[in-house]
Amino acid sequence: MQNNYNPDVLSCLANLSSDEVFTPPKLANEILDLLPKEIWKDKNATFLDPVCKTGVFLREIVKRLLEGLKDEIPDDDKRREHIYKNQIFGIGITELTSLLSRRSLYCSKLANGKYSVVNFGDEKGNIFFDKTNHNWKNGQCSYCGASQSEYEREEGLESHAYQFIHNNLPDKIKNMKFDVIIGNPPYQMSDGGGTGSSAIPLYHKFVEQAKKLSPRYLTMIIPSRWFTGGKGLDNFRDTMLNDNSLREIHDFLDASECFSGVSIEGGVCYFLWKRDDKGLCKVLTHSSNGILSSTERPLLEEGADVFIRYNEVISIIRKVISKSESNFSVLVSPRNPYGIGNDVLDGTFSDRAKKINVLGILKSERVIKKIPAAQLGRNIDELNSYRLFISKADGAAGQIGNPIPARIIGKIVVAEPNMACTETFLRIGLFKNEKEVLHVKRYMETKFFRVLVGARKNKNMTRDTYSFVPMQDFSESWTDEKLYKKYGLTKEEIDFIESMIRPMN
């Protein structure tokens, strides 16, 4: 039997990196489905992808317009000519991606080439790329925050000075009003010191710039890390959560559900922003098992300063807040409670020095090693108190819904006298006696505690991660059953917690 399967080349392309990922055609169409159906029959509607990589968004938009405008412009050639020249525009993130996008859209890397489906009379057509320079001030780019030492490069090397966010719009589209701006922007750039949450986030700058152009509709797929803010994202988070033009969010706990084989800490989301239609936001949470939940709600819940990712947790948090109790975060130290890094575990010290035990990470393994007490940078006076240590980052613990069920927090260590920890851990405490510290540990191991931590968990956990968790009277021990009863949780709320959070052991 003959196999006539003809794969879409844009589905087969490998991703550039976890910073700049290609959008599969299937995902592009799911995002386009957010737009109103009538827009595909509007011959005056204009579309801009300001971060073209493969041209997949524009290509799929053209397919929809070619079908939707059949009645309005019956002649195939005239319809195609009108759509390509008057409705579809893009800006490449590099010269290479502009060529690739033209190849996807026009079937030719040159818009005036022999095989171009529409002859524009020039090479670019409506897919632009102009070399752009960073604007260096005090060692950083004033537009994107790039490090001058990292990105001031010789001619011919990619500078990652993206045209759209460097105030360098192409002349042809500088004064245009777009109905739709859509895309998958670059996510981050290295600051010379790391990747992931330690790199400079970029994606929010593309969203902010797109809003300045005031399109009728804006939709982009970006990392979900903005939900809780963090490095360079706090203002963006606050603006987004107070923007009632944000009408729909699809939140994917596992980025590989959108981008096969790509790991993006905290997952990804795509959203629909409607300039002229304000109201509640429809929030859909996706996992590997499909849609976990869907509801319309305010993006900023009363009493919260971050986006509560999980719809089912909101009613639980409301019941906790109604008790007006102080929150558990007052027991949690700031980062690096004793002012030492893991590198101290690899040192050699005099045998005569007074030693203490230090919990840390050495060669990717959790270890306890003896070092001189004098190596500690702070809080030496608390070493004989009762305390707990917990990792600030434990990828294997997971987050709510990914994996199902998740552990949320890592192993809790009871600190012995004369014991400290490195920057890898947070300190919980100080406590009066051994009985109290064990009651706190037991409380932290409850599913109730961990689901509330999970509501704020992103990648690295901080004191704020624990701010939805209420304090208890630690002269007594706490179980999930006692906590469910105290806060009046319904069967549905209990079932959600039990299904999403697994036992600590």
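Higher on the page you've got the structure.
Figured I'd write up the structure that's included with this text. (Residues numbered from 1 in each chain as written. Predicted model: local features only at pLDDT ≥ 70, side-chain atom pairs only at ≥ 80, totals over all residues. Heavy atoms only, no water.)

**Comments concerning the overall build of the chain**
Right, on to step 1. Along its length, the chain carries 13 helices and 19 strands.
Right, on to step 2. Taken along the three principal axes of its C-alpha coordinates, the chain extends 85 × 55 × 55 Å.
Right, on to step 3. Here the chain holds 505 residues, and 54% of them are scored as buried.
Right, on to step 4. Considering only residue pairs separated by 6 or more positions, the chain has 70% of its internal contacts joining residues 24 or more positions apart.
Right, on to step 5. Distance from the positive charge centre (70 side chains) to the negative charge centre (66 side chains) of the chain: 2 Å. (Helix = DSSP H or I, 4+ residues; strand = E, 2+ residues; numbered from the N terminus. Buried < 20%, exposed > 50% of the residue type's maximum accessible area, 1.4 Å probe, protein only. Contact = heavy atoms within 4.5 Å. Lys, Arg positive; Asp, Glu negative; His and termini not counted. Charge placed at Lys NZ, Arg CZ, Asp CG, Glu CD.)

**Thoughts on the nonpolar core**
Right, on to step 1. Counting 85 residues, the largest nonpolar core has Trp226, Phe259 and Phe271 as the members making the most contacts within it.
Right, on to step 2. Sequence-distant contacts of Trp226, defined by excluding residues within four places in its chain, comprise Tyr203, Leu233, Phe236, Arg237, Met240, Leu241, Leu246, Ile249 and Cys269.
Right, on to step 3. Core analysis: the second largest hydrophobic core is formed by 48 residues, Tyr310, Phe328, Val440 and Met461 among them. (Core = buried A, V, L, I, M, F, W, Y, C linked by side-chain atoms within 4.5 Å.)

**Remarks on helix α9 (residues 311–321)**
A turn of α-helix holds 3.6 residues, and therefore any two residues three or four places apart point the same way.
Right, on to step 1. Listed as buried for α9 are Asn311, Val313, Ile314, Ile316, Ile317 and Val320.
Right, on to step 2. Looking at the buried residues of α9, the elements they touch are β12 (281–287), β13 (290–297), α11 (447–454) and α13 (491–500).

**Points about the packing of aromatic side chains**
Right, on to step 1. In the structure shown here, the tally under the stated rule is 20 aromatic pairs.
Right, on to step 2. A ring pair is formed by Tyr187 and Tyr203, whose centres lie 6.4 Å apart and whose planes are at 85°; its orientation type is edge-to-face. Residue Tyr187 is located in the loop between β6 (180–183) and β7 (188–189), and its partner Tyr203 is located in helix α7 (residues 203–212); the two are separated by 16 residues in the primary sequence.
Right, on to step 3. Residues Phe328 and Phe449 carry aromatic rings whose centres are separated by 5.0 Å and whose planes lie at 85° to one another, so their mutual orientation is edge-to-face. Placement of Phe328 in the loop between α9 and β14 (355–362) and of Phe449 in helix α11 is noted, with a sequence separation of 121 residues between them.
Right, on to step 4. Each member of the aromatic cluster is reached from another via a ring pair, and the members are Phe328, Tyr443, Phe449, Tyr466 and Phe474.
Right, on to step 5. The lysine or arginine in question, Lys53, covers the ring of Tyr187, its NZ or CZ lying 5.8 Å from the ring centre. (Phe/Tyr/Trp six-rings, centres within 6.5 Å; stacked < 30°, edge-to-face > 60°. Lys NZ or Arg CZ within 6 Å of the ring centre and 35° of its normal.)

**Examining unusual backbone geometry**
Right, on to step 1. Even without being glycine, Cys107 reaches a positive phi, approximately 65°.
Right, on to step 2. Within the secondary structure, Cys107 is located in the loop between α5 (95–106) and β3 (127–128).
Right, on to step 3. A positive phi angle is found at Lys363, which is not glycine, with a value near 55°.
Right, on to step 4. Relative to the assigned elements, Lys363 resides in the loop between β14 and β15 (365–372).

Purely geometric numbers; function is a separate question.
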